[in-house]
Each structure stands twice: as structure tokens, then as C-alpha cells.
Amino acid sequence: QVQLVESGGGLVQAGDSLRLSCAASGGAFSMYAMAWFRDTPGKERELVAAISRNPGRTRYRDSVKDRFTISRDNAKNLVYLQMNSLKPEDTAVYYCAAERTPFDFVPGTFGSWGQGTQVTVSS
């Protein structure tokens, strides 16, 4: 199991950018697929973006395509979520998650989770 710690959340205005980071320890980071999920009141936890083991194939939910970018640095055990053109509807608690062999990109598939970081986007 890998330990995950997120950072980089905060309060921003619509149209601003924010970069989230997730530091991993205690496991073979390069062997894990990584993902960002988010919790919004009234909604199920939803996938934001995911990235495979190096070279890093990516996927995104439709509402963040062309605005968010997930990336990883295996040498530093880090995964990032670059968020541009933020919208109020992006307001959520963002979690990073890890799983060696995810067969489906839903929360129950991922075994390791960070503590979450709050992102608030004002209009």
C-alpha cells in the first residue's frame, strides 16, 4: 500500500489556475496507476482524471477536458493535476488515489487514498 498526501488546494476566482500535487511514499510508485477524484455535495464521488503507469496514458471526464491536465513524475513519486480556466462547478474536495491494476475507474477500485484538498472557485 502507498501513502498519499495532497497539497495545492485553495480559494481562487473563476478563470484562475491551480496546480494540485500528490506525494506518494511507502510503495513502488511507478507500478501504480494514479487518479484524481472529487467530492461535491449532493453527488457521488467522481473521477476527474487518471494516468496509467509510465509512459502515462490519460483520461478525463468530459467536463474538464481541455482545461485540466494530469501528469506524473515517477522519479519524484509525484502526480499533478493542473487546473486551468476554473469554474465554480469545479468546487470540491479533490483526492488522489492509487491502484496497481484498476479494472474500472470508480472509487471502489482504488485501494490507496490521500486525505483530500479543498478547491473553492468563486464567481
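Keep in mind that this is a model prediction, so the values were computed, not measured.

Novice: Help me get a handle on the environment of Gly 8, residues and values and all.
Specialist: The residue Gly 8 is located in the loop between β1 (3–7) and β2 (10–13) in this model. Here Gly 8 falls in the partly exposed class, since its relative accessible area comes to 34%. Each C-alpha atom, one on Gly 8 and one on Gln 82, is 10 Å from the other, the two residues being 74 residues apart in sequence.

Novice: Outline the sheet that holds strand β3 (residues 18–25), listing residues and values.
Specialist: Taken together, the four strands give an open sheet; going across it, the order is β1-β3-β8-β7, and neighbouring strands pair in antiparallel fashion. Where the open sheet ends on each side, the last strands, each with one partner, are β1 and β7 (68–73). Adjacent strand axes in the sheet meet at a mean angle of 15 degrees, parallel and antiparallel pairs treated alike. Sheet topology note: the β7/strand β8 (residues 78–83) ladder contains six bridges and is antiparallel.

Novice: How would you summarise the environment of Val 121 if you had to cite specific residues and measurements?
Specialist: As for its position among the elements, Val 121 is in strand β11 (residues 117–122). As a C-alpha pair, Val 121 and Asp 90 span 31 residues in sequence and 6.8 Å in three-dimensional space.

Novice: Please give an account of the pattern of salt bridges that cites residues and values.
Specialist: All chains considered together, the criterion is met by six salt bridges. Between Arg 38 and Glu 46 there is a salt bridge, with its nearest N and O atoms 2.8 Å apart. Comparing Arg 38 with Glu 46, the two get one shared label, buried. One salt bridge in this structure joins Asp 62 and Lys 65, with 2.9 Å as the shortest N-O distance. Judged by its relative accessible area of 62%, Asp 62 is exposed. Residue classification places Lys 65 among the partly exposed positions, given a relative accessible area of 42%. Salt bridges sharing partners connect three or more residues here, namely Arg 38, Glu 46, Arg 61, Arg 67 and Asp 90.

Criteria and cut-off values
Residues numbered from 1 in each chain as written. Predicted model: local features only at pLDDT ≥ 70, side-chain atom pairs only at ≥ 80, totals over all residues. Heavy atoms only, no water. Helix = DSSP H or I, 4+ residues; strand = E, 2+ residues; numbered from the N terminus. Buried < 20%, exposed > 50% of the residue type's maximum accessible area, 1.4 Å probe, protein only. Pairing = 2+ DSSP bridges. Axes fitted to C-alpha atoms, helices over the stretch in contact; angles between N-to-C directions. Salt bridge = Lys/Arg side-chain N within 4 Å of Asp/Glu carboxyl O.

Geometric descriptors of this kind do not, in isolation, establish any biological role.
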